[in-house]
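# Summary of structural features
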Amino acid sequence: MNGAQIVSSLDRILRWIVQLAVINILWFYYTLLGLFVGGVFPATLAALGLSRKLIMGNKDIKLWKTFKQIYKEEFIRSNLIGWCLTVIGGILYLNYLAIERSREELLFVIPFAFYFILFFYIIVVIWVFPLLAHYQTTWFSYIRNAVIIGLTKIHYTLASGVMVFTVIYVSLDFPGLIPFFSVSFATIGCMWLSMQTFVKIDEQTS
């Protein structure tokens, strides 16, 4: 590798570091701008949408302008889906507490059914926001496609879950990373894994 190649590689690495830091900072800023309750889901979708554009090779993209545009355009849709999933997650958690308290009195089929539903819920949570970032379709299609892709591409589902868990684990060990790289690493990683599937689907349907 000659000097020019080394400089070019360092330039790409530094560009990615800066872009990841900016995405992370924008996520925190717009989440707080929406008072968390209204901002966390559109900010997450904006981070995924911006990550998608970077993965697709848009090098000269204006990060702040693009993030803000996606945030505003997807504000209602992302909040509706995000909070619906949050409410369902809360109901599942209450059911989990009830099952744990009465485990000895319950038939085996009840905990089994609960964990079966929980499995599908986790698949939807992992895939629905990357689908929102890449496609424009109906609510039913997002949920259906999340389940279908999550099951047929289970290795990507597991990889996404492991990656998010790893980011959380490392961030808790090194909290200094949280303001700059925690969210952006998770969104860029999940979007990259998702795009491996989306690109193939788009090629088959085009």
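Above this text is the structure in question.
The following paragraphs examine the structure supplied in this document. Computed from a prediction, not measured in an experiment: that's the story for all the values here. (Residues numbered from 1 in each chain as written. Predicted model: local features only at pLDDT ≥ 70, side-chain atom pairs only at ≥ 80, totals over all residues. Heavy atoms only, no water.)

### Comments concerning a nonpolar patch on the surface
- A contiguous nonpolar surface patch, about 450 Å² in accessible area, is contributed by I6, L10, I13, L14 and I17.
- Of note, L14 is situated in helix α1 (residues 3-33).
- For L14, a relative accessible area of 52% corresponds to the exposed category. (Patch = residues over 30% accessible without salt bridge, like charges linked within 9 Å, V, L, I, M, F, W, Y side chains within 5 Å. Areas by Shrake-Rupley, 256 points an atom, 1.4 Å probe, with all protein chains shown as cover. Salt bridge = Lys/Arg side-chain N within 4 Å of Asp/Glu carboxyl O. Helix = DSSP H or I, 4+ residues; strand = E, 2+ residues; numbered from the N terminus. Buried < 20%, exposed > 50% of the residue type's maximum accessible area, 1.4 Å probe, protein only.)

### A look at the side chain of T157
- Here T157 shows up in helix α7 (residues 154-173).
- Residue contacts for T157: discarding those within four places in its chain leaves I123, I126, W127, I149 and G150. (Contact = heavy atoms within 4.5 Å.)

### Side note on the packing of aromatic side chains
- In this structure the tally under the stated criterion is 17 aromatic pairs.
- Plain terms: the ring middles of F41 and W83 are 5.2 Å apart, the flat faces sit at 90 degrees to each other, and that makes the pair edge-to-face. Here the residue F41 occupies a position in helix α2 (residues 40-55), and W83 occupies one in helix α4 (residues 75-101), the gap between them amounting to 42 residues.
- With 5.9 Å between their ring centres and 25 degrees between their planes, F41 and F129 make a pair best called stacked. You can see F41 sitting in helix α2 and its partner F129 sitting in helix α5 (residues 109-134), a full 88 residues away along the chain. By the burial criterion, F41 is buried, and F129 matches it.
- Pairwise contacts between aromatic rings join Y29, Y30, W64, F67, Y71 and F75 into one cluster. (Phe/Tyr/Trp six-rings, centres within 6.5 Å; stacked < 30°, edge-to-face > 60°.)

The analysis is restricted to geometry; functional conclusions fall outside its scope.
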